[in-house]
Amino acid sequence: MTRSGSRYVGTGSRLRGWGGVAGMAAACALTAAVTLLPLSRGAGDGQGPDAAGQGVARAVAARADTCEDPEASLPPSEADGPAVEKIKARGKLIAGVDQNSFRWGYRNPATGDLEGFDIDLVRAVAQDILGDPDKVVYRAIPTNQRVLALQEDRVDVVVRTMTVNCARIKDVAFSTAYFEAGQQVLAPKESTVKGYDASLAGKRICTAKGSTAYDALAAKSFGAKFEGLTVSNQLDCLVRLQLGEVDAVVTDNALAAGQAAQDPAVELKGEPFTREYYGVATKLGNDDLVRRLNHVLDEYREGGEDGRWMKAYGKWLKDDLPGIKKPPEPKYRDN
Amino acid sequence: MAHPPLVREARPPTRTAWAEGVDRLRAGATTEPGRLRVIGALVAALVVAFGAVTAWEISDRATAAGNVVTRSQPLSADAASIYRSLADADSAAASGFLAGAQEPQDLRERYEDDIATASALLAKAATHTESTSASGREIAALNTQLPQYTGLVERARANNRLGLPLGGAYLRYANERMTTKLLPAAERLYTAETSTLGEDYDEARAWPFVGLGLGVLALAGLGWAQRRTYLRTNRVFNHGLLAASVASAVVLLWLGIGHVVARAELEDAMAHGQESLEVLNDARISSLNARANENLTLVARGAVLAADGKRDLYESQYADGMKALGRRLAQARALADDPQGGLPVTDATAKADEWRKRHTAARATDDGGDYEGALAKVIGGKGSTGECFNGVDAALEKALAHEQAEFTRAAEGGRGALTGLPLGAAILAVVGAAGAVLGIGRRLSEYR
């Protein structure tokens with residue numbers, strides 16, 4: 001409970017609905033606000049394919065007893081198991097990454113290399129398991145292939161702005177959270193839009209098809225026009241914004257930071273109004289690898305301002321997503 | 001009693017003149033010279049009418065055939081070129097984009113040539129088209145959309161050069177504009193121009209029924225007049241009527257044969273030229289669409305999914321394009337009626353098959369995570385899908401050039417078959433009418 005409840009005003013009515021159904025007390029509802037809000041977010045990148053998953057997530061969330069803290073993971077351990085040994089025997093870590101998300105996982109056309117916050121994390125994992133950050137085979141996988149690539153053993157891990165939620169933990173295993181994101185408003189610097197509030201009245205807002213941002217506006221739009229302004233990918237919103245076809249964008253702030261990094265004339269406005277966590281995904285049942293990943297993450301988060309996490313944040317994200325003082329706290333479950 | 005009749009005679013003088021005229025005609029029809037005069041006038045009128053109608057009907061058809069050759073078919077071909085240039089520009093833009101920040105010179109030039117060609121052909125089409133017609137509206141829409149499209153492509157290039165993924169988003173937006181606005185407008189323009197061609201063609205090959213009917217009637221009239229003369233005078237030939245008959249028969253034969261030949265040539269032009277051209281144009285555009293989508297699959301890198309939320313949008317559009325290409329090539333091969341037309345189509349089919357194989361391999365490479373490897377397999381030189389696409393495009397261009405030449409040759413032949421017929425018909429009709437009048441006059445003089 002590091003954030004005040006007043007920030008979640010936009011989705012509060014929905015949460016109360018769930019709370020009512022569950023017959024929870026007010027305190028429980030507040031707890032649910034923290035744990036369930038990420039669930040309302042289907043996609044790490046706000047894209048279409050997750051719309052289906054979102055419905056499932058809600059259904060699961062309605063039976064909150066089965067899934068309270070999806071981001072809680074197995075306690076860390078350095079012990080080698082079959083999954084880690086397989087990587088060591090191969091001598092290479094095969095990582096499924098994105099190559100479209102600026103500042104996260106992106107192929108720099110000048111060098112042809114992948115770079116970003118997610119890529120740095122992959123290198124840290126390879127350093128820990130194999131002793132060399134370069135011993136990685138990167139496989140660029142599209143959004144719809146993330147779960148399948150793991151299930152078919154095409155990749156060892158997926159580090160791809162992937163949101164941990166109740167639907168997904170049934171298909172893949174997640175590490176502890178390595179980033180906390182939320183829906184936020186992106187607009188030109190001189191815009192009168194101040195955030196997810198009344199300043200949106202009468203504005204044209206771009207969202208990705210089937211995204212949490214769209215659902216949030218559908219629930220509460222503050223008089224903004226957003227119907228018929230959806231696009232297939234969140235980055236398309238920046239195109240529409242630059243062409244003057246929309247006045248503002250609502251999307252995941254981690255990805256919005258990538259948009260702001262490509263256009264010095266726009267910035268993130270206000271505060272995030274939802275909360276969700278990114279985790280490293282691996283195949284369900286690879287418990288030794290999950291524990292090892294959590295061990296790597298623990299070390300990665302350490303060191304405060306000079307730690308590797310904060311350095312990566314400073315390098316890739318701070319300019320456009322300022323204000324983060326420390327990495328998210330890991331949550332563990334017993335089994 | 002003498003008074004009243006005088007009054008009666010003086011009162012209706014007009015009626016008397018009218019009645020007198022009728023009486024005289026009646027008398028004329030009952031006396032031989034009178035009958036001859038009427039027959040001569042009728043036969044001469046029939047021959048003149050036959051000639052005039054023939055000249056009029058055939059100059060109509062000749063104009064329509066001329067329109068087919070010089071106006072509507074070239075406009076239809078131009079509309080197809082506009083469509084092709086736009087689709088080619090889109091595919092060249094995507095290929096150049098994929099090659100990285102520094103776009104290869106040849107792709108850049110190809111894109112610019114395509115845009116220049118499309119603009120020039122649009123300007124040309126506009127001068128031949130009413131701005132309020134359906135074609136005129138499509139031309140106006142294309143003229144508005146084209147600069148917007150090129151603007152988006154330039155933005156895509158600028159961002160790509162800076163190394164920003166936003167460039168890819170702009171390129172996809174440009175492609176969306178192209179496929180949802182420009183290409184449909186170009187297709188409607190092509191359809192409109194092609195239907196004008198169809199109208200001109202139908203007009204050119206319509207049977208000249210009135211002319212043929214009048215010709216038969218004139219010959220029958222002349223024959224009857226000659227038979228009548230023969231029965232009355234026992235003279236076998238009346239030179240004037242004979243000349244009129246020969247002139248009319250010549251016009252009738254000329255009309256019939258000329259039209260049949262023109263019709264056959266035009267039908268040949270349409271069946272073997274235009275139909276092949278349409279199918280080949282469709283095939284070429286399908287291959288261009290498939291190529292643009294193949295490139296965009298790599299530009300989008302899995303960022304955009306098809307409506308079913310599972311398959312990659314551009315990959316599934318590529319598959320649609322290749323399917324359409326396969327269908328069109330099969331049709332084109334069935335339509336190709338000579339080796340020069342058939343060989344390039346066979347060649348294109350073989351290259352398209354190879355393209356499919358290489359594409360599958362490139363996809364497997366990309367899905368395996370080797371993006372750079374996949375890129376080389378798509379936009380690289382030898383062994384790439386780009387090589388196959390260029391092969392398909394070149395083969396189709398060759399086939400199109402051949403069919404266009406076939407069309408022009410046959411259609412020119414059709415138009416040529418009607419050359420001189422209107423003037424010839426007019427002159428011969430005058431000769432025929434004069435012959436009929438002189439022939440009848442010759443008989444008439446025997447009564448003086």
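Residues numbered from 1 in each chain as written. Chains lettered and ligands numbered in written order. Predicted model: local features only at pLDDT ≥ 70, side-chain atom pairs only at ≥ 80, totals over all residues. Heavy atoms only, no water.

You'll find chain B entered in an unreviewed UniProt entry as Secreted protein, with Streptomyces chryseus given as the organism.

Going by the annotation in an unreviewed UniProt entry, the name recorded for chain A is Sugar-binding protein, with Streptomyces chryseus given as the source organism. Check the Sequence similarities (unreviewed entry) section of the UniProt entry for chain A; it says "Belongs to the bacterial solute-binding protein 3 family." (UniProt positions renumbered as here; feature names shortened; annotations may be inferred.)

This brings us to the overall build of chain A. Within chain A, the secondary structure is distributed over 11 helices and 13 strands. Within chain A, the proportion of its 335 residues that are buried is 56%. Of the contacts formed within chain A by residues at least 6 apart in sequence, a portion of 73% connects residues at least 24 apart. A total of about 12,700 Å² of accessible surface is found on chain A, and carbon and sulfur atoms cover 51% of it. (Helix = DSSP H or I, 4+ residues; strand = E, 2+ residues; numbered from the N terminus. Buried < 20%, exposed > 50% of the residue type's maximum accessible area, 1.4 Å probe, protein only. Contact = heavy atoms within 4.5 Å. Areas by Shrake-Rupley, 256 points an atom, 1.4 Å probe, with all protein chains shown as cover.)

Residue and element names in this part refer to chain B. By the secondary structure assignment, E203 is in helix α6 (residues 166-205). With a relative accessible area of 46%, E203 lands in the partly exposed category. Along the primary structure E203 and L36 are separated by 167 residues, whereas in three dimensions their C-alpha atoms are 41 Å apart. Beyond its immediate stretch of four places on either side in the chain, E203 contacts R61 and A64.

This part takes up the pattern of salt bridges. Residue and element names in this part refer to chain B. Counted according to the given criterion, the structure contains 53 salt bridges over all chains. Across the pair R35 and E32 runs a salt bridge whose closest N-O atoms are separated by 3.3 Å. Pair noted here: R35 and E32 are both in helix α3 (residues 32-98), with a separation of 3 residues, about one helical turn. Residue class for R35 comes out partly exposed when judged on its relative accessible area of 29%. By relative accessible area, E32 is classed as buried at 11%. For E412, the salt bridge goes to R415, with nearest N and O atoms at 3.3 Å. One end of the pair, E412, and the other, R415, are both in helix α12 (residues 385-416), 3 residues apart, so they sit about a helical turn from each other. Judged by relative accessible area, R415 falls into the partly exposed class, the value being 28%. (Salt bridge = Lys/Arg side-chain N within 4 Å of Asp/Glu carboxyl O.)

Turning our eyes to something else, we now look at a nonpolar patch on the surface. Residues and elements named next belong to chain B. On the surface, a cluster of nonpolar side chains totalling about 730 Å² of accessible area is made up of Y230, L231, V236, F237, L242, V246, V250 and W254. At the level of secondary structure, the elements contributing two or more residues to the nonpolar patch comprise α7 (209-233) and α8 (239-300). Per-element tally for the nonpolar patch: the top contributor is α8, with 4 residues. Within the fold, L231 resides in helix α7. The class for L231 is exposed, based on a relative accessible area of 56%. (Patch = residues over 30% accessible without salt bridge, like charges linked within 9 Å, V, L, I, M, F, W, Y side chains within 5 Å.)

So, about the sheet that holds strand β8 (residues 183-188) of chain A. Residues and elements named next belong to chain A. Strand order in the open sheet formed by 5 strands is β10-β9-β11-β8-β12, and the pairing between neighbours is mixed. Both edges of this open sheet fall to β10 (230-231) and β12 (266-269), since each of them pairs with a single strand only. Across 2 bridges, the pairing between strand β9 (residues 205-208) and β10 is parallel. Paired with T207 across the strands is T230, a residue of β10. Contacts between helix α8 (residues 234-242) and the sheet are confined to β8, β9, β10, β11 (248-252) and β12, with β9 contributing the most and set at about 160° to the helix. (Pairing = 2+ DSSP bridges. Axes fitted to C-alpha atoms, helices over the stretch in contact; angles between N-to-C directions.)

Residues and elements named next belong to chain B. Taking the numbering used here, the UniProt-annotated feature "transmembrane region" (unreviewed entry) corresponds to residues 36-56, 206-224, 236-257 and 421-441. Along residues 206-224 one finds 84% helix and 0% strand; the C-alpha atoms at either end are 30 Å apart. Secondary structure content for residues 421-441 is 100% helix and 0% strand, while the C-alpha to C-alpha distance between its ends is 29 Å.

As a further point, take the sheet that holds strand β2 (residues 100-101) of chain A. Note: strands within a sheet are paired through backbone hydrogen bonds, in either parallel or antiparallel orientation. All names here are of chain A. Ordered in space as β2-β3-β4, the 3 strands form an open sheet in which the pairing is antiparallel. Each edge of the sheet is formed by a strand with only one pairing partner; in this case those strands are β2 and β4 (114-115). Across 2 bridges, the pairing between β2 and strand β3 (residues 105-107) is antiparallel. Bridging from a neighbouring strand, N100 pairs with Y106 of β3.

Before going further, it helps to examine helix α9 (residues 253-260) of chain A. Buried residues dominate α9(A), accounting for 8 of its 8 residues. Two or three places before A:A254, at the start of α9(A), stands the capping residue A:D252, its side-chain oxygen 2.9 Å from that residue's backbone nitrogen. (Polar contact = N/O pair within 3.5 Å; in protein donor to acceptor, adjacent residues only side chain to side chain.)

Ranked by size, the top nonpolar core spans 144 residues in total, and within it A:F117, A:Y178, A:F179 and B:L86 carry the most contacts. Split by domain, the residues of this core number at least three in each of domain 2 (82-181 + 276-316) and domain 3 (183-269) of chain A. Not counting residues up to four positions away in its chain, the partners in contact with A:F179 are A:W104, A:F117, A:A254, A:E276, A:Y277, A:Y278, A:W309, A:L317, A:L321, A:I324 and A:P328. Counting 26 residues, the second largest nonpolar core, distinct from the first, contains B:I39, B:A44, B:L214 and B:A417. (Core = buried A, V, L, I, M, F, W, Y, C linked by side-chain atoms within 4.5 Å. Domains from an automatic or database assignment.)

This next bit is on the interface of chain A and chain B. On the chain B side, the residues contacting the 27 residues of chain A number 29 residues. Overall, the association of chain A and chain B removes approximately 2,400 Å² of surface from exposure, summing both partners, and the carbon and sulfur fraction of that is 51%. The largest contributions to the chain A side of the interface with chain B come from A:N100, A:R107 and A:Q262, which together make up 19% of the buried area. Taken together, the connections running from chain A to chain B amount to 4 salt bridges. Linking B:R177 and A:E245 is a salt bridge whose minimum nitrogen-to-oxygen distance equals 3.4 Å. (Buried area = accessible area lost by both parts, 1.4 Å probe.)

Angle between the axes and distance between the axes are the two parameters that describe a pair of packed helices. Running from N to C, α8(A) and α6(B) point in directions that differ by 75°, and their axes come no closer than 9 Å. Compared by their axis directions, α8(A) and α6(B) come out roughly perpendicular. Here A:L235, A:D236, A:L238, A:V239, A:R240 and A:Q242 of α8(A) lie close against α6(B), whose contacting residues are B:L166, B:A169, B:Y170, B:R172, B:Y173 and B:E176. Counted by class, the contact of α8(A) with α6(B) contains 7 nonpolar, 1 polar and 4 charged residues. (Parallel < 35°, antiparallel > 145°, perpendicular 65-115°, else oblique. Nonpolar A, V, L, I, M, F, W, Y, C, P; charged D, E, K, R; others polar.)

With that out of the way, let us pick up α6(B). For α6(B), built from 40 residues, the straight-helix expectation of 58 Å at 1.5 Å per residue is met to within 8% by its first-to-last C-alpha distance of 56 Å. Bending of α6(B) peaks at approximately 40° at the position of B:M178. (Expected span 1.5 Å × (residues − 1). Bend = angle between axes of the 7 residues up to and from the residue.)

The next thing to look at is the packing of α3(B) against α7(B). All names here are of chain B. Their axes nearest at 8 Å, the elements α3 and α7 cross at an angle of 155°. Comparing their axes, α7 and α3 come out roughly antiparallel. Pair α3 / α7 crosses with left-handed handedness. The residue inventory of the contact of α3 with α7, partitioned by class, reads 16 nonpolar, 4 polar and 5 charged. (Left-handed = near helix turned anticlockwise from the far one by under 90°.)

Turning our eyes to something else, we now look at the state of the cysteines. Residue and element names in this part refer to chain A. Applying the stated criterion across every chain, the model contains 1 disulfide over all chains. Sulfur-sulfur distance for the disulfide between C206 and C237 comes to 2.1 Å. Taking the sign of the S-S torsion, about -80° here, the bridge from C206 to C237 comes out left-handed. One end of the pair, C206, is in strand β9; the other, C237, is in helix α8, with 31 residues separating them in the sequence. The exposure classification of C206 matches that of C237, with both residues buried. (Disulfide = S-S within 2.5 Å.)

The next point concerns the pairing of β11(A). All names here are of chain A. The buried fraction of β11 amounts to 5 of the 5 residues, a majority that puts the element mostly inside the structure. In the sheet, β8 pairs with β11 via 4 bridges, with the strands oriented antiparallel. Bridged to Q184 within β11 is T251. Taken together, the 2 bridges between β9 and β11 define a ladder with parallel strand orientation. Note that in β11 the partner of I205 across the bridge is A248.

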